[in-house]
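Summary of the model geometry
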Amino acid sequence: QLRFVFVLGWIAVFVLMAPCAYEMVLRGAPLMKRPPSGTPSSAALDDFQQHFGNLTVVRREVISLRCKMPCASAVTVMSRGFVQQFVDMIKAYNRTNAGSIVMLNSYFDFASHHQPGDNPLISQDRQSILLQWGWRITPSTKPNAEAFCEELKKEIAFKNAYQGPDGLEIAATGLVFLDHAMKTTLIEEIA
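Figured I'd write up the structure that's included with this text. (Residues numbered from 1 in each chain as written. Predicted model: local features only at pLDDT ≥ 70, side-chain atom pairs only at ≥ 80, totals over all residues. Heavy atoms only, no water.)

Taken together, 4 strands build an open sheet; the order of strands is β2-β3-β1-β4 and the sheet is antiparallel. Whereas interior strands pair on both sides, the edge strands pair on one side only; in this sheet they are β2 (101-106) and β4 (168-174). The average undirected angle you get between the axes of adjacent strands in this sheet is 10°. Bridge count for strand β1 (residues 58-67) against β4 is 7 bridges, and the pairing is antiparallel. The residue of β4 that forms the bridge with Leu65 is Ile170. Packed on one face of the sheet, helix α5 (residues 142-161) meets β1, β3 (128-136) and β4 and runs near 165° to β4. Set on the sheet, helix α6 (residues 175-190) makes contact with β1, β3 and β4; between it and β4 the angle comes to about 85°. (Pairing = 2+ DSSP bridges. Helix = DSSP H or I, 4+ residues; strand = E, 2+ residues; numbered from the N terminus. Axes fitted to C-alpha atoms, helices over the stretch in contact; angles between N-to-C directions. Contact = heavy atoms within 4.5 Å.)

With 20 residues, helix α3 (residues 77-96) should cover 28 Å at 1.5 Å per step; its first-to-last C-alpha distance of 29 Å lies within 8% of that length. Looking only at α3, the buried set comprises Ser79, Phe82, Val83, Phe86, Val87, Met89, Ile90 and Tyr93. The arc that holds the buried residues of α3, viewed along the axis, is 160°, so those residues lie on one side. Within α3, the exposed residues directed more than 90 degrees away from the buried face are Val77, Arg95 and Thr96. Where α3 is buried, its residues touch β1, β2, α4 (107-111), β3, α5 and β4. One side-chain oxygen of the residue at the start of α3 lies 3.3 Å from the amide nitrogen of Met78, identifying that residue as Thr76. (Expected span 1.5 Å × (residues − 1). Buried < 20%, exposed > 50% of the residue type's maximum accessible area, 1.4 Å probe, protein only. Arc of directions from axis to C-beta. Polar contact = N/O pair within 3.5 Å; in protein donor to acceptor, adjacent residues only side chain to side chain.)

Counted according to the given criterion, the structure contains 1 disulfide. Paired by a disulfide, Cys67 and Cys71 hold their sulfur atoms 1.9 Å apart. Linking Cys67 and Cys71, the disulfide has an S-S dihedral of approximately 60° and is accordingly described as right-handed. When its relative accessible area of 10% is taken as the criterion, Cys67 is described as buried. Since its relative accessible area comes to 26%, Cys71 is described here as partly exposed. (Disulfide = S-S within 2.5 Å.)

Note that all results are geometric; they support no functional claim without further evidence.
Pasting the structure below:
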């Protein structure tokens, strides 16, 4: 008889505490990336924020296009088309979220210029090229940015699904992608 009360009590506590646990995950997932107060790092961050406030919220994201099998170069007509599609998606995001994108570069931006040294957005083995962008992410813009990351992930999954063994493997990473993936994983683990 006492076991019955204990089991019902446990279920009641679980049901009552589930919303609190969910809220903790949502608040804790982004993880504060701030040094402890009173340290030299904290003072340097405060100084940086005072003088370069716009740069403190800039986050960098990267899409990598890599040959699935060894190839002469990841620079192909197909990779150029994929990069252009992703660039168009990023520019469309910037049109609906004006001023969010502060930097957008790909291998192809540097390919036609006369510059000293190698193109910085191709790997040394020429098997991978990069598309990178920087965007301003504040607490108010983060939900839109995470939704856009999901849209990009779906597009990447679609493109990867139709690549043959000699095609390209596409992947995305960056602070917003990783924060969102961590939050999603925590929610799935709790559910």
